[in-house]
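Structural features, examined
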Amino acid sequence: MTEEKTGVKNGAANTEMAPQEDGTKVPLTNDSPEQVKFTTGNDPPNGDVKIDLPAPTFNGLSKEELMKYSDDPFWIRLRWALFILFWVGWAAMLVVAIVIIIQAPRCAPKETLDWVQESAMIKYDLNAPIEADNTTGETHEDLIKMAADLGITTVYLEDLISPQDFENINTGLYTKNDVLNVLKAASANGLHVVTDFVPTQVGEDNTWFQDPEMKSFFKPNSRDLDFGNSGLLEKLTKLFSGVWKEKGVDGYLMKIADTEELLNASIILNKNLEAVDGAVVHGIVDLMQELVAGFEARIYREFLDEHAIDSWSYYKFNPTVAQGKISEDYVRLVTLSLFLVPGTPILDGINNTYFENQKTFIKSLSDIREKESVQVGKMNFVNGTDEDVIAFARNPVMKGTPGYAVAINMHNSNNATVNFTSIPGVSDKGDNALRSTVDIAVNSHNLGRSDMSSVFLGPLEGLVIQFVPSF
């Protein structure tokens, strides 16, 4: 017989609901996923029963319930307000970004040199070739090896253009096949070749002078080319960009450009030759005229003041001949400094002996010459130094690139000290990059550091120091 208590029959579980004080009922079956748990034992004590009720859960609104609000005017206005606010904010950020870009100070474009200025040039005599690759006999491959060993990328071949026929090789000086082989090898190995510009005055046997259709290319009653004639400049453009470019010649040295007419002609020709990366250059300076008895630091400084400050010069320099006029150590110091001032050295007279003895020295200078501050940096002399010392700094034009300080002591027995910190931008310390002394032509390894306010130089010593500029 079953008993009833609070409306629930004793016995097996049923589907009835247990009444609560508030009138609700709790199901007593196992149909509900979360059950009421009755726990007996020592916890809680005194035989009481602990009832664990499931925690209430919130499952959010259903789709049907949400849809009731989709057409509510308040939520429609809120959605539109947020939509408009997003796009207004996005447009404002775009406008601000554009304004910042426009008003931000522009970085100065990186300065670069033309190829005819970047590398020093070496004059190569096809009639007296150098044995550079240690093979039997001199071939055009020796030129390629020599240029690589010296770190030079531009070769000067003198007077390639025939004075009688501007479209042909000067067979009075060269064998045609030899020239063509050298030009082909140079082009294949990334070397630039320059030669001399056409003569300003031609002989009576010149093909252009004999051609009646080219009579206007010459000044009246003379054999002087009229470089103010646009037809002549057009003809020269076709000659350089066509015939000689196909042979492998890239540039032309205008030895004498002492008239406004020639200077203007070089400007026009350079513009016309841009498409084929050609160049006509002027400003050729023969340093050999300065290397006379009594040559000293003062004379050399005056030469640099005239040619290395406000213009780009091309310095013709024959170190082997110079050794017959000035001491070998003077030649070494002049070579060191000439590679690192604004301008392009044109080394002449390179024979087998000079090449073997000086190739490491020239290669070290060529490597430093490639640095940005040496190529385009401003040059500042150190004033107030010993009269036998020439010292200058090449400051970089952009942050993040090193500067270089150069000093040569041209005294035979006295030491010297140079204060480079008198030049704005030169830091207090620097790393010695290259040293040249009487005993060792070039040393560029483990040279230590220098105090830039007190750089020591021994007799006939040259020093190149790399420093981090202080802007």
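Residues numbered from 1 in each chain as written. Predicted model: local features only at pLDDT ≥ 70, side-chain atom pairs only at ≥ 80, totals over all residues. Heavy atoms only, no water.

1. Digging into the overall build of the protein
A count of helices and strands for the protein gives 13 helices and 22 strands. Across the 471 residues in the protein, those meeting the buried criterion constitute 40%. Expressed as a percentage of contacts within the protein between residues at least 6 apart in sequence, the contacts between residues at least 24 apart total 66%. Summed over all atoms, the accessible surface of the protein reaches about 26600 Å², with 52% contributed by carbon and sulfur. (Helix = DSSP H or I, 4+ residues; strand = E, 2+ residues; numbered from the N terminus. Buried < 20%, exposed > 50% of the residue type's maximum accessible area, 1.4 Å probe, protein only. Contact = heavy atoms within 4.5 Å. Areas by Shrake-Rupley, 256 points an atom, 1.4 Å probe, with all protein chains shown as cover.)

2. Notes on the sheet that holds strand S22 (residues 462-467)
Working definition: the strands of a sheet are paired by backbone hydrogen bonds and lie parallel or antiparallel to each other. The strand order across the open sheet built from six strands is S15-S16-S17-S22-S19-S20, with neighbouring strands paired in antiparallel fashion. Each edge of the sheet is formed by a strand with only one pairing partner; in this case those strands are strand S15 (378-381) and strand S20 (449-451). Strand after strand, the sheet turns through a mean of 30 degrees between neighbouring axes, direction not considered. Relative to strand S17 (residues 403-409), strand S16 (residues 389-395) is paired through six bridges, and the arrangement is antiparallel. Bridge pairing in S17 links Ile390 to Ile408. This element, helix H9 (residues 297-307), spans S15, S16 and S17 of the sheet and lies at about 30 degrees to S16. Along the sheet face, helix H11 (residues 328-338) touches S16, S17, strand S19 (429-436) and S22 and points at about 160 degrees away from the line of S17. (Pairing = 2+ DSSP bridges. Axes fitted to C-alpha atoms, helices over the stretch in contact; angles between N-to-C directions.)

3. Considering helix H4 (residues 140-150)
Note that an α-helix has 3.6 residues per turn; residues three or four places apart therefore point the same way. Those residues of H4 lying buried are Asp142, Leu143, Ile144, Met146, Ala147, Asp149 and Leu150. At its buried positions, H4 is contacted by strand S7 (121-123), strand S8 (154-156), helix H5 (176-188) and helix H12 (352-369). Looking one or two residues past H4, Gly151 carries a phi angle of roughly 70 degrees, positive in sign.

4. Focus: unusual backbone geometry
Residue Asn221 is not a glycine yet carries a positive backbone phi of 55 degrees. Within the secondary structure, Asn221 sits in the loop between helix H6 (207-210) and helix H7 (230-247). Positioned with a positive phi, Asn446 is a non-glycine residue whose angle comes to about 50 degrees.

5. Points about the confidence of the model for the protein
The share of residues in the protein with pLDDT of 70 or more is 85%, and the mean pLDDT across the chain is 87. Here residues 1-15 is modelled with pLDDT under 50, and outside its nearest four sequence neighbours on either side it reaches 14 contacts, counting other chains as well. (pLDDT = per-residue confidence, 0-100.)

6. Quick word on the sheet that holds strand S13 (residues 314-317)
Spatially, the eight strands line up as an open sheet ordered S11-S10-S9-S8-S7-S14-S13-S12, and their pairing is parallel. Whereas interior strands pair on both sides, the edge strands pair on one side only; in this sheet they are strand S11 (279-281) and strand S12 (284-286). On average, adjacent strands in this sheet sit at an angle of 25 degrees to one another, irrespective of strand direction. Pairing geometry for S7 and strand S14 (residues 344-347), over two bridges, is parallel. Bridging from a neighbouring strand, Ile122 pairs with Leu347 of S14. The strands touched by H11 within the sheet are S13 and S14, with S13 carrying the most contacts at an inclination of about 160 degrees.

7. A few points about the side chain of Asn318
Summarising the element assignment, Asn318 is placed in the loop between S13 and helix H10 (319-322). The class of Asn318 is buried, set by a relative accessible area of 11%. Only 2.6 Å separates the side chain of Asn318 from the side chain of Thr320, close enough to count as a polar contact. From its side chain, Asn318 meets the backbone nitrogen of Val321 in a polar contact 3.0 Å long. Here Asn318 is in contact with Met288, Asp348 and Gly349, once residues within four sequence places are set aside. (Polar contact = N/O pair within 3.5 Å; in protein donor to acceptor, adjacent residues only side chain to side chain.)

8. So, H9
Listed as buried for H9 are Ala297, Ile299, Tyr300, Phe303, Leu304 and His307. Looking down the long axis of H9, one finds its buried residues gathered within 165 degrees of arc, a one-sided arrangement. On its buried face, H9 sits against S12, S13, H11, S15, S16 and S17. (Arc of directions from axis to C-beta.)

9. Notes on a negative patch on the surface
There is a patch of like negative charges on the surface, built from Asp114, Glu118, Glu274, Asp277 and Glu370. Position of Glu274 relative to the elements: it lies in the loop between helix H8 (260-272) and S11. For Glu274, a relative accessible area of 61% corresponds to the exposed category. (Patch = residues over 30% accessible without salt bridge, like charges linked within 9 Å, V, L, I, M, F, W, Y side chains within 5 Å. Salt bridge = Lys/Arg side-chain N within 4 Å of Asp/Glu carboxyl O. Lys, Arg positive; Asp, Glu negative; His and termini not counted. Charge placed at Lys NZ, Arg CZ, Asp CG, Glu CD.)

10. Details of the nonpolar core
By size, the foremost hydrophobic cluster in this structure holds 95 residues, and its most contacted members are Met146, Phe197, Phe227, Leu236, Phe240, Tyr300 and Phe317. Ignoring sequence-local partners within four residues, the contact set of Met146 consists of Ile122, Tyr124, Ile130, Ala132, Ile350 and Phe355. Counting 17 residues, the second largest nonpolar core, distinct from the first, contains Ala391, Ala405, Ala407 and Leu463. (Core = buried A, V, L, I, M, F, W, Y, C linked by side-chain atoms within 4.5 Å.)

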